[in-house]
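# Fold and contact review
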Amino acid sequence: MKYLCIVYAGTGGDTLSEAEGTAIKDGCIEGDNALFAAGRLYMASPLQGPEAGVHLRHINGRTTRIDGPYAETKELVAGFMVIEAADMDEAIAIAAPGPLDGLVNLEIRPLLDEKHSKTGQDRSAFFVRRS
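Our subject in this report is the structure included herewith. (Residues numbered from 1 in each chain as written. Predicted model: local features only at pLDDT ≥ 70, side-chain atom pairs only at ≥ 80, totals over all residues. Heavy atoms only, no water.)

## Considerations on the nonpolar core
Grouped together as the largest cluster of nonpolar side chains are eleven residues: Tyr3, Cys5, Leu35, Leu41, Met81, Ile83, Ala85, Ala91, Ile94, Ala95 and Ile108. Those elements that provide at least two residues to this core are β1 (2–10), β5 (75–84) and α2 (88–95). Examining the composition of this core, we find that three residues originate from one element, α2, more than from any other. Discounting chain neighbours no more than four positions away, the residues touching Ala95 are Cys5, Met81, Ile83, Leu106 and Ile108. (Core = buried A, V, L, I, M, F, W, Y, C linked by side-chain atoms within 4.5 Å. Buried < 20%, exposed > 50% of the residue type's maximum accessible area, 1.4 Å probe, protein only. Helix = DSSP H or I, 4+ residues; strand = E, 2+ residues; numbered from the N terminus. Contact = heavy atoms within 4.5 Å.)

The following block contains the structure:
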């Protein structure tokens, strides 16, 4: 089963030194590559800050672009991983350890496996592993 691991980070000021930040980044990249080589990771990436994104709202038949962020929040989505695990316990064991331990919060949710009602097509082709 595939799981989405959403990484939440605080919005407070950075308290890490440049060397600490570099060590964490390098550790995350090394861990991601090890999980990929083990067949457990499909995709992972940090995200740019919310100021680089936009919000889209569909109102009265029109799509409106809203620059953001406007909401007051203490946490923001900082990154994600899509992993393969037998169950939630294994997903936790895969996602939890690593250089971000103690610095971020994780939300782990199973992906919903849906099929088209007429064609039977699903999204499995999106997850064909390429090395």
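## Points about the sheet that holds β1
Spatial ordering of the open sheet is given by β2-β5-β1-β6, a layout of four strands whose pairing is antiparallel. Edge positions in the sheet fall to β2 (41–46) and β6 (105–110), since each of these pairs with one other strand and no more. The mean angle between the axes of side-by-side strands here comes to 20°, regardless of whether they run parallel or antiparallel. As paired elements, β1 and β5 share nine bridges and run antiparallel to each other. Directly across from Leu4, in β5, lies its bridge partner Val82. (Pairing = 2+ DSSP bridges. Axes fitted to C-alpha atoms, helices over the stretch in contact; angles between N-to-C directions.)

## Re α2
Among all positions of α2, only Ala91, Ile94 and Ala95 are buried. Projected onto a plane normal to the axis of α2, the buried residues spread over an arc of 85° and lie on a single side. Turned more than 90 degrees from where α2 packs its buried face, Asp89 and Ala93 sit exposed. In this fold, the buried residues of α2 make contact with β1, α1 (18–37), β5 and β6. If you check the start of α2, you find a side-chain oxygen 3.2 Å away from the backbone N of Asp89, and it comes from Asp87. (Arc of directions from axis to C-beta. Polar contact = N/O pair within 3.5 Å; in protein donor to acceptor, adjacent residues only side chain to side chain.)

## Let's talk about the environment of Leu16
Following the sequence through the fold, Leu16 ends up in the loop between β1 and α1. According to the relative accessible area criterion, Leu16 is partly exposed, its value standing at 39%. As a C-alpha pair, Leu16 and Ala93 span 77 residues in sequence and 26 Å in three-dimensional space. Leave out the neighbours within four places in its chain, and Leu16 touches Gly21, Ile24 and Leu103.

## Examining the side chain of Glu84
Within the secondary structure, Glu84 sits in strand β5. For Glu84, a relative accessible area of 18% puts it in the buried group. Within the local environment of Glu84, its side chain forms a polar contact with the backbone nitrogen of Met1, the two atoms lying 2.9 Å apart.

## Details of the packing of aromatic side chains
Scanning the entire structure with this criterion turns up one aromatic pair. Between Tyr42 and Phe127 the ring centres are 5.5 Å apart and the planes differ by 80°, which places this aromatic pair in the edge-to-face class. Taken together, the positions of Tyr42 in strand β2 and Phe127 in the segment after β6 put the pair 85 residues apart, joining distant regions of the chain. With a relative accessible area of 23%, Phe127 lands in the partly exposed category. (Phe/Tyr/Trp six-rings, centres within 6.5 Å; stacked < 30°, edge-to-face > 60°.)

Geometry only, nothing functional implied.
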